[in-house]
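Residue-level listing of the chains:
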Amino acid sequence: MQRVWLAAALALCSPSAALAAPDGYFDGRSAAEVELPRPPATAPAAAGLDSRLWIVVRAPTKQARTAVADTGISIEQVYGDRVGGIGTRAMIDRLKEQGLAPIHVSELDRLLPADFPPEDQAYHNYQELRKELEAIAARAPGLASIFVIGHSHQNREILALRLNTDAAGRQKSGKPAIAFMGTHHAREHLSTEVPLMLAAYLVDKRNEPEISALLSRRDIFILPMINPDGVEHDISGGFYRMHRKNMRENGRGSIGVDLNRNYGFHWGEGGASDRPDSDIYRGPAPFSEPETQAVKSFVEERKDTIKILLSYHTFSELILYPWGHSYDPIPDAEALAAYRAMAGTMGRMTGYTPQQSSELYIASGDTTDWAWGAHRIFSFTFELTPKTMWDGGFYPGADAINTTFNNNIRPALYLIELADDPYRAARTLSQTQLKPTPVSGGR
Ligand code: 0X9
Ligand code: ZN
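A quick note: this is a predicted structure, and the numbers were derived from the prediction, not measured.

Participant: Explain the overall build of the chain to me, please; I cannot follow it from the model alone.
Facilitator: Each helix and strand in the chain was counted, giving 14 helices and 14 strands. When each of the 443 residues of the chain is scored for burial, the buried share is 57%. Long-range contacts, defined here as pairs at least 24 residues apart, represent 75% of the contacts in the chain between residues at least 6 apart. A total accessible area of about 17,600 Å² is found for the chain, and carbon and sulfur atoms account for 51% of it.

Participant: Looking at this structure, I do not really get the coordination of the zinc ion (ligand 2). What am I missing?
Facilitator: Octahedral six-donor coordination of a metal ideally yields angles of 90 or 180 degrees, compared with 109.5 degrees for tetrahedral four-donor coordination. Distances from the zinc ion (ligand 2) to its protein donors, namely His185 (ND1), Glu188 (OE), Glu188 (OE) and His313 (ND1), fall within the range 2.0 to 2.3 Å. All donors to the zinc ion (ligand 2) come from one chain, and their sequence spacing reads H-x2-E-x124-H. This pair shows no difference in class: His185 is buried, exactly as Glu188 is.

Participant: Is there a simple way to think about the sheet that holds strand 11 (residues 306–314) in this case?
Facilitator: Pairing between the strands of a sheet comes from backbone hydrogen bonds, and it takes one of two forms, parallel or antiparallel. With mixed pairing, eight strands are arranged side by side in an open sheet as 5-6-8-7-11-14-12-13. Where the open sheet ends on each side, the last strands, each with one partner, are strand 5 (144–151) and strand 13 (353–356). On average, each strand axis in the sheet is tilted by 20° relative to the strand beside it, whichever way the strands run. Pairing of strand 7 (residues 177–181) with strand 11 involves five bridges; the strand directions are parallel.

Participant: Got a minute to help me understand empty space enclosed by the protein in this structure?
Facilitator: Using a probe with the size of a water molecule, rolled over the atoms, empty space left in the structure can be pinpointed. Counted by the stated rule, this structure contains two cavities of 30 Å³ or more. Space inside the second largest cavity adds up to approximately 30 Å³. Looking at the second largest cavity, the residues that line it are Asp120, Tyr123, His189, Tyr240, Phe394, Tyr395, Pro396 and Gly397. Here the lining of the second largest cavity is built from residues that sort into five nonpolar, two polar and one charged.

Participant: Just checking my understanding: could you explain helix 13 (residues 399–418) for this structure?
Facilitator: Every α-helix winds through 3.6 residues per turn, so residues three or four apart in the chain are directed the same way. Taking 1.5 Å as the rise per residue, helix 13 with 20 residues should run 28 Å; its terminal C-alpha atoms sit 30 Å apart, in good agreement. Within helix 13, the axis deviates most sharply at Asn408, by approximately 35°, and proline Pro411 lies no more than four positions further along. With 14 of 20 residues buried, helix 13 is to be regarded as a mostly interior element.

Participant: Could you clarify how one ought to interpret helix 5 (residues 126–139) in this entry?
Facilitator: In this model, helix 5 (14 residues) spans 20 Å end to end at C-alpha, consistent with the 20 Å of a helix rising 1.5 Å per residue. Residues Tyr126, Leu129, Leu133, Ile136 and Ala137 constitute the buried set of helix 5. In an axial view of helix 5, the angular spread of the buried residues amounts to 95°, which keeps them on one side of the axis. Turned more than 90 degrees away from the buried face of helix 5 sit Lys131 and Ala138, all of them exposed. Here the buried face of helix 5 lies against strand 5, strand 6 (157–163), helix 6 (190–204) and helix 8 (228–235). At the N-terminal boundary of helix 5, the capping side chain belongs to Asn125, with an oxygen 3.2 Å from the backbone nitrogen of Gln127.

Participant: Explain the packing of aromatic side chains to me, please; I cannot follow it from the model alone.
Facilitator: Centre-to-centre distance and the angle between the planes together describe a pair of aromatic rings. Going through the model one piece at a time under the given rule, you end up with 20 aromatic pairs. Between Tyr201 and Phe405 the ring centres are 5.8 Å apart and the planes differ by 65°, which places this aromatic pair in the edge-to-face class. Highlighted residues: Tyr201 in helix 6 and Phe405 in helix 13, separated in sequence by 204 residues. The class of Phe405 is buried, set by a relative accessible area of 1%. Ring plane angle 85° and centroid distance 5.1 Å describe the contact between Phe378 and Tyr423, whose orientation is recorded as edge-to-face. Of this pair, Phe378 sits in strand 14 (residues 378–384) while Tyr423 sits in the loop between helix 13 and helix 14 (424–427), placing them 45 residues apart in sequence. Ring-pair connections join several aromatic residues into one group, and the members of that group are Tyr321, Tyr339, Trp372, Phe378, Phe380 and Tyr423. Between the NZ or CZ atom of Arg187 and the centre of the ring of Phe394, over which it lies, the distance is 4.3 Å. A cation over an aromatic ring shows up here: Lys296 above the ring of Phe287, its NZ or CZ 5.4 Å from the ring centre.

Participant: Mind showing me how you'd approach the pairing of strand 6 here?
Facilitator: For a regular strand, the rule is simple: side chains alternate between the two faces of the sheet. A large share of strand 6 lies buried, amounting to six of its seven residues. Bridge analysis of strand 5 against strand 6 gives seven bridges, and the strand direction is antiparallel. Along strand 6, the bridge assignment pairs Ser145 with Arg162. Between the end of strand 5 and the start of strand 6, which pair antiparallel, lie five residues, with Asn155 showing a positive phi angle near 70°. The sheet contact formed by strand 6 and strand 8 (residues 219–223) spans three bridges and is antiparallel. The partner of Arg162 across the bridge, within strand 8, is Phe221.

Participant: Honestly, the site of ligand 1 in this entry has me stumped. Any pointers?
Facilitator: Every one of the 14 residues lining ligand 1 counts as a neighbour, but Arg244, Arg261, Tyr361, Asp366 and Glu383 are closest to it. Tyr361 places a polar side-chain atom, nitrogen or oxygen, 2.5 Å from an oxygen atom of ligand 1. In isolation ligand 1 has 410 Å² of accessible area, and contact with the protein removes 95% of it.

Participant: Honestly, the nonpolar core in this entry has me stumped. Any pointers?
Facilitator: Ranked by internal contacts, the top residues of the largest apolar core, which has 95 residues, are Phe180, Leu202, Phe298, Met342 and Phe380. The contact partners of Phe298, leaving out residues within four places of it in the chain, are Phe147, Ile149, Ala179, Met181, Phe221, Leu223 and Ile306. One finds Ile55, Val57, Ala67 and Leu95 within the second-largest nonpolar core, a separate group that totals 14 residues.

Participant: How should the pairing of strand 8 be read in this particular structure?
Facilitator: In terms of burial, strand 8 is a largely internal element, five of the five residues being buried. Side-chain alternation along strand 8 places Asp219, Phe221 and Leu223 on one buried face and Ile220 and Ile222 on a second face that is also buried. As paired elements, strand 7 and strand 8 share five bridges and run parallel to each other. Looking at the pairing, Phe180 lines up with Ile222 of strand 8.

Participant: Could you clarify how one ought to interpret the side chain of Ser191 in this entry?
Facilitator: Locating Ser191 in the fold gives a position in helix 6. Within polar-contact distance, the side chain of Ser191 engages the backbone nitrogen of Thr183 at 2.9 Å. A polar contact is formed between the side chain of Ser191 and the backbone oxygen of Glu188, at a distance of 2.7 Å. Other than its neighbours up to four places away in sequence, Ser191 contacts Gly182, Thr183, Pro224, Tyr312, His313, Thr314 and Leu384.

So, how was this worked out
- Residues numbered from 1 in each chain as written.
- Chains lettered and ligands numbered in written order.
- Predicted model: local features only at pLDDT ≥ 70, side-chain atom pairs only at ≥ 80, totals over all residues.
- Heavy atoms only, no water.
- Helix = DSSP H or I, 4+ residues; strand = E, 2+ residues; numbered from the N terminus.
- Buried < 20%, exposed > 50% of the residue type's maximum accessible area, 1.4 Å probe, protein only.
- Contact = heavy atoms within 4.5 Å.
- Areas by Shrake-Rupley, 256 points an atom, 1.4 Å probe, with all protein chains shown as cover.
- Donors = N, O, S within 2.8 Å, 3.2 Å for Na, K, Ca; no water.
- Pairing = 2+ DSSP bridges.
- Axes fitted to C-alpha atoms, helices over the stretch in contact; angles between N-to-C directions.
- 1 Å grid on protein atoms, 1.4 Å probe; cavity = no way out; pocket = protein on both sides within 12 Å on 5 of 7 lines; lining within 4 Å.
- Points joined across faces, edges and corners; volume = space filled by probe spheres on them.
- Nonpolar A, V, L, I, M, F, W, Y, C, P; charged D, E, K, R; others polar.
- Expected span 1.5 Å × (residues − 1).
- Bend = angle between axes of the 7 residues up to and from the residue.
- Arc of directions from axis to C-beta.
- Polar contact = N/O pair within 3.5 Å; in protein donor to acceptor, adjacent residues only side chain to side chain.
- Phe/Tyr/Trp six-rings, centres within 6.5 Å; stacked < 30°, edge-to-face > 60°.
- Lys NZ or Arg CZ within 6 Å of the ring centre and 35° of its normal.
- Near = heavy atom within 4 Å.
- Core = buried A, V, L, I, M, F, W, Y, C linked by side-chain atoms within 4.5 Å.

Below, the structure is given as structure tokens:
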């Protein structure tokens, strides 16, 4: 995994020094000359991406390469006097205006597999996530149901799995509710796996007395993949692209809005960029993105019952709570005491460091500031395993899935238990009585 991370990092930092695809692919020879990998028969079409092209151009000097980059093509490979990069037809037109004719053009996403690299097959791509959620729901018809909270830019359904013994799908329920979310950021794949495993854990242990008691008293929503387009893009090609944002086409070759800068509370303040090419691009307006709109509607339709929200991210092993847009603590002293108690308790459970979000850095427009600021929902960002880039960063390998989940069961159960009255956390600092059973095996 370390190797994959380093390759990805090199590809980012120094496109001319690293091959972004396996040796021998797309080096300017035609498809007939090289053995191109074929997508598996079942691979979903990468909706909306058919305009993405692998383009090879003769560009022997740095000035020529800059001219290529100026069209918006992302240069991935320098090969003798040629460069190979990813772009669109409009960019080819711009190349031609400058007298640079492409030597080779192929449709990138038809040629490349759209899945995790072989060693990381345990992670779920979007289709696999759908299937897994369906399988989990099918195991417990009186408890689990699935519904769609909205659609992504590329029209993928954003899915929620609900655990409620009395209500299914969108039916109303008066029970205290909690929401677990994953993968606002595409490359943070472990943040899909943890809530997904939580769903399976709760369903498979539904007849154990403690879990059964918990399930009968709560309304639990699990939304493991808020940014499906970004996830599919990040893994397309059989290598990781280090993609963070969604897949909005910003124009001029730039892709994506940072969904965790797009929420409409103190939107556009510190730690968010107005530049579309930035990885922390806030978007053109608060809630401009269908993915954040979907979360907004989901939360607002249930704002009377959702008391706690946990948004999983990776990595750094942190437990963060509002504010993130300001160094000030939240003004409500009782709530702050509850936040600190919850974060502290969960820190002891996991070994993660509890802190106010802005201790990490100021960032505006994130999910948790909005959920707290607009709706007084106690909201946490978990930065999951690993601790550092050098332990695997965004791509810590398949072995991290079970260990990270096992380390995160207790805080999840603790929050579910507290969802009737989170303020209780400050009154009784005792840890949850629930004793989770670690899982083993996996896919
Ligand atoms: O920057 C983010 O969106 C989160 N970190 S990540 O590495 N997963 O991208 C942290 C958000 C925490 N919120 C604030 N610092 N406001
Ligand atoms: Zn993140």
